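Notes for the structure review
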Amino acid sequence: MNNKTHTPLFHVSKRGALKWYQSWAIRGAALLLALVLCGLVTTWVTGEDPIAVYKSIWKGSFGSARRAWVLFQNIAMLLCVSLAITPAFRMRCWNLGGDGQMLIGGLATTACMILLAGKLPNWAIIVCMVVSSVLAGAVWAAIPAIFKAKWNTNETLFTLMMNYIATQLVAYYIIVWEVPKGAGKIGIINQATEAGWLPTIGSYKYLLNIIIVAILCVAMYVYLNYSKHGYEISVVGESERTARYVGIKVEKVIVRTMLLSGAVCGLAGMLLVGGTEHTLTTTITSGRGFTAVMVSWLAKFNPIWMIFTSFLLVFLERGAGQIATNFGLSASFADILTGIILFFIIGSEFFINYQINFRHTAGKEE
Amino acid sequence: MDNKTAAVTMRNITKRFGPVLANDKVWLDIYRGEILALLGENGSGKTTLMNMLSGIYFPDEGEIAIDGREVVIRSPKDAFDLGIGMIHQHFKLVDVLTAAENIVLGLPGKLDLKAAAKKIRDICDAYGFEVDPDQKIYDMSVSQKQTVEIVKVLYRGADILILDEPTAVLTPQETDKLFAVLRNMRDDGKAIVIITHKMHEVEALSDRVAILRHGQFIGDMLTSMTNAQEMTNMMVGHAVTLNIDRPEPVDPKPRIEVKGLTVRSLDGILKLDDVSFTANSGEILGIAGISGCGQKELLEAIAGLQPVENGSISYIEDDGSREELIGKDPLAIQQMGVSLSFVPEDRLGMGLVANMDLSDNMMLRSFRRGHSMFTDRKTPRQLALDVVEELDVVTPGVSTPVRRLSGGNVQKVLVGREIASAPTVLLTAYAVRGLDINSSYTIYELINKQKAAGVAVIYVGEDLDVLLELADRILVLCGGKVSGIVPGRGANKRDVGMMMTKLGGNSHE
C-alpha cells in the first residue's frame, strides 16, 4: 500500500458576497456557454447549421409584428401568474395551484359570459367577470390556506390536488355548455355579439392585457417591498417563530396572502378567457401555473426581475416551436435546447455562491 | 515539553471564507498527555481550526502532521482513521436509539451490540464515565448525552480529542465530573484540546493554553506560568478589567408578580410547576437552573408566547394598578401599553430574521407604527445606525444580513433593538451564550444600565459565576419548580449548584 496521501484535486468553499456585476457576468457567461453547447448539439445531432437555428429561434419571436405581439401576450400571461404565486412563495408557502386557480377563474368568467349575455349591458358583464373570477380564484386558494393555517397541512400537495378538481369541473361545464351539442367543446363564446369580450385598445388585440399586467407588476413590487403586509409576509416566510415573537398573527397572514395569490390567478384566468381566447378548454392555461414557479424562482421572487425571466422562458419556447417547423425537427429537440439553457442558468447560481479551489501545483513539489 | 514529539503539528494553516480570513498562517502543536486550552474571542478562528483537524473543512493552505508524518485530512473519516475525534457543541446523536446503538452507528463490520456494550463498559471503567449502553438517548440529560459523544470517539479509537465548549450546558457538579474524566484520559496519554471562553475552567483544567486572535496565532504558554488577566489581555489585544458592577437597586417596586404558574409542553410534559415570584423594578432577578428546567417556558409565558395551564402573571404599574398578562399575545401586551422587551435564547431563529439586514430587523418591533399601509423605513434605518455606533457592532453596513455577523454582534443588534423601546421589563435568556469576553462585558453593562433606569430585568443565565456577580436576587429552578430564591450578594456557588439539582438544595449531606 502506498501510504502517501494526496491533496484532493480541488475543493469547494463558500464565496463572500459578489458585486452585482460579477454575479451577472457569471450568469452571462453561463448563457453564452449554453448557447455554444446548444449549437454543438444541434450540429452533432441534426447536421443543421447552428447559426441558422439561432436565427429561426429569433424569428420565432420577432419574425413579424404578429409574432412579436403573441410573444408579449404570452409573456404577460406568464408574468401575471408568476406575480400571483410570488407573495405565497415569499412566505415559503408553495402554491402550486396556479393552474387550478386560473382555470376556476376562467370558468367563472365563462359562466358570466354565457349566462349573462343579452341580460346585462356589456360593461356590467365585464364587472361581473372580474369580480367572480377574482373571488373564484381566491376561494380556490383559500381552501388549502385555511387547512394549512389550522391544521398545518402540506400546501404543496393540497394545491396540486385542487388543480385536478378544477380541471374536472371545467371538463364538466364544457359538456354542459358545449356548442354545438355533441361537439365536446364550447367554441368561441358570443362570437356574434362579442358580449363579455374585453375591449381592445385601437387595433391591438393584446395591448390591454399587457398594460394590466404591467401595472400589476409594479403594484406587486411595491406591495411586497414597501407595505406592512409585504413585510409581514417576508417575516413569516423567514421564520414563523420570529413572527409570533413580534406578535404577527401567522395564520391570518397565511390565509390573507393565499387569498391574494388565488385572486390574482383568478384574474389571470379572466384575462385569458375574456381578453384573448374567448373560449374555455381544460388546457387553456398551458401549464403556466407551473412554468410560473420557475419564473418566480429564477427571479428570486422579485417582480421586476420576473419580467426578464418570463421573457426568457417564453422566448425560448416560441423559438423552439419555430425551429421545429423550419427544420422539420421534432418539438422534443427544442425542449432539449431549452433544457440545456435552463440547466446552465440554474447551475450558474452554484458558481455565484461557491468557488472552486484547485490544488496548487506551481511552486510546490509533491 | 520540548523533548516530547507533538501528536499534531499544524503549520501555516490558512482558511478563508470569501473575503473573511478565518485562520491566518496558524501554527499549533498538540502533545500527548496534555490538556491544551484553545482560547480566543468569537470569530477568532478556534472552531474553524479544529474543524480542519477533524476533516469538516479543508485548509486553503498549510500542512498538518500527525506524529511527525505529514497527512491530508479530507473528511471526518480520514480524521477518525488518524485517531482524531471531535465533540461538537451541538450533539450529533439519534434520539430514538440507545447509547450503544449510537456509538456503533456507521462503523463497518457485523453489528454485535453485546460485544459493543462490553467494550463501552470497559472504556467507562477505564476513565470513570457513567454510561448505560442500553439507555435511549431521549431519556438522557444533556451531560449524559455529552458522555455518550465522548465515549463514541473513544470507541472509535481516537487518542486526540477535541471538545468544543463542552461545559456550556453543564452544571458545576457535572463540569467537575467531566474534568475528572478528562484528567484521567490525559494521564492515559491522550492528547486533549478544549475550546472554551471560561477563564476559571482554563486555569482549573488545562496544562497549556494557546491563544488565537483575529485568526492569528498569538502565542502559547504553560497554564501554571500565566493568569486569567494576562490570557484575557492576549485574547483581546489590550488590557481589560474583569469585574462586573452590581450597583444597589434604586427604589425597587414590584413590577411583575407571578403566582402559581403551571405550564405544560405540547406533548403534555409538566414544564413549570406552581412557580411564584416577584420581579422588582430597578433590580436584576437572575434565574439559575440546569438547561431545560423551565427557564424558556417561564420567559415565554411572561412574553405571551407560551400557553399557560394555571396561575397568573400580573404587571404592576407604578401607581399599583395591575394588569393580567396571561391569555394575551405579544401584540395585545404591546397594545396595553406594557413595554416588555425579550431577548430570546434563539437569536437568529426567534429574536431576529437571519436573512434580513440590520435595518429590516430593527423594524420587527416598530413596523406597525403609523396608519399608512406602507412601512416607515427611515426610522429603523436610523435606529440601526445608532445601535451600530453606540454598541460598536462590527458590520460592513446596516444593509448586511444579520446572519453574516458574528455571534457577539448579532446579540448586540438584538439587545440594542430590545432596549431601544425604553422597556419597563427586560427578559433575557442566555444573553452572553457563546459571546467572547469583550462582548459579554458590553452586554452586562447594557443590562446594568437598564437596571439603573428602573427596568425590571429577568436574567436567565448559565454561567453561575456571572449570575452570582450580576444578579441582585437569584431564583433557582429545579425540574420546573422553584428550588429557592437567594440574595445575589453573598450567595455561594456550591449551594446554588446543589439547589439546581435538588429541590431546596443540600439539606441532607
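Residues numbered from 1 in each chain as written. Chains lettered and ligands numbered in written order. Predicted model: local features only at pLDDT ≥ 70, side-chain atom pairs only at ≥ 80, totals over all residues.

Per the secondary structure count, chain B includes 17 helices and 20 strands. Relative to the compact-globule value of 23 Å for 509 residues, chain B shows a C-alpha radius of gyration of 24 Å, a close match. On the principal axes, the C-alpha backbone points of chain B span a range of 75 × 55 × 45 Å. Taken over 509 residues, chain B has a buried fraction of 47%. Considering only contacts within chain B whose residues lie at least 6 apart along the sequence, 67% involve residues at least 24 apart. (Helix = DSSP H or I, 4+ residues; strand = E, 2+ residues; numbered from the N terminus. Rg over C-alpha atoms; globule rule 2.2 N^0.38 Å. Buried ≥ 20, exposed ≤ 12 C-beta atoms within 10 Å, placed from the backbone. Contact = placed C-beta atoms within 7 Å.)

Across its full length, chain A holds 13 helices and two strands. Reported as C-alpha extents along the three principal axes, the dimensions of chain A are approximately 90 × 60 × 40 Å. Within chain A, the proportion of its 366 residues that are buried is 42%. Taking contacts inside chain A between residues at least 6 apart in sequence as the whole, the part at least 24 apart equals 78%.

Residue and element names in this part refer to chain B. Within the fold, Ile256 resides in strand E11 (residues 254-264). When the 23 C-beta atoms within 10 Å are taken as the criterion, Ile256 is described as buried. For the pair Ile256 and Tyr155, spaced 101 residues apart in sequence, the C-alpha separation works out to 51 Å. Not counting the four nearest positions on each side in its chain, Ile256 is found in contact with Thr278, Ala279, Ile302, Ile313, Tyr315, Val425 and Ala456.

This part covers the pairing of strand E12 (residues 270-280) of chain B. Residues and elements named next belong to chain B. As paired elements, E11 and E12 share seven bridges and run antiparallel to each other. Looking at E12, one finds that Ile256 is bridged to Ala279. Connecting E11 to the antiparallel partner E12 that follows it, the hairpin turn spans five residues, and Gly268 within it adopts a positive phi of roughly 85°. (Pairing = 2+ DSSP bridges.)

The subject of this paragraph is the domain arrangement of chain B. Frequently, the measure chosen for interface size is the accessible area removed from exposure when the parts meet. All names here are of chain B. Partitioning chain B into domains gives domain 1 (6-236), domain 2 (251-339 + 422-509) and domain 3 (345-412). Just the C-alpha atoms count here: the centres of domain 1 and domain 2 sit 33 Å apart. Contacts between the two partners involve 14 residues from domain 1 and, on the opposite side, 17 residues from domain 2. Taken together, the elements giving at least two residues each to the side of domain 1 that touches domain 2 come down to helix H6 (172-187) and helix H8 (228-236). Counting residues per element, the side of domain 1 that touches domain 2 draws most heavily on H8, at three residues. Partitioned by chemical class, the residues of the side of domain 1 that touches domain 2 number six nonpolar, six polar and two charged. (Domains from an automatic or database assignment. Nonpolar A, V, L, I, M, F, W, Y, C, P; charged D, E, K, R; others polar.)

Looking at the secondary structure, you find Gly106 of chain B in the loop between helix H3 (99-104) and helix H4 (113-127). The exposure class assigned to Gly106 of chain B is exposed, which follows from the 10 C-beta atoms found within 10 Å.

A few words on the sheet that holds strand E16 (residues 340-343) of chain B. Residues and elements named next belong to chain B. If you trace the six strands from one edge of the open sheet to the other, you get E16-E17-E18-E13-E19-E20, paired in mixed fashion. The sheet is open, and its two borders are formed by E16 and strand E20 (481-487), each paired with just one other strand. Neighbouring strand axes in the sheet, compared pairwise and without regard to direction, differ in orientation by 15° on average. Pairing geometry for strand E13 (residues 283-288) and strand E19 (residues 473-478), over four bridges, is parallel. In the strand pairing of E19, Ala288 is matched with Val476. (Axes fitted to C-alpha atoms, helices over the stretch in contact; angles between N-to-C directions.)

What follows deals with the interface of chain A and chain B. Facing 22 residues of chain A, the contacting portion of chain B comprises 30 residues. At the level of secondary structure, the elements contributing two or more residues to the side of chain A that touches chain B comprise strand E1 (10-14), helix H8 (228-238) and helix H9 (240-245) of chain A. Residue composition of the side of chain A that touches chain B, by class: six nonpolar, 10 polar and six charged.

Take helix H13 (residues 331-353) of chain A next. Helical geometry: 3.6 residues make up each α-helical turn, so side chains three or four residues apart lie on a common side. Residue and element names in this part refer to chain A. Here H13 contains 23 residues, and its C-alpha end-to-end distance of 34 Å stays within 8% of the 33 Å for a straight helix at 1.5 Å per residue. Those residues of H13 that sit buried are Ala334, Leu337, Ile341 and Phe344. Looking at the buried positions of H13, the neighbouring elements they touch are helix H1 (20-46) and helix H12 (303-326). (Expected span 1.5 Å × (residues − 1).)

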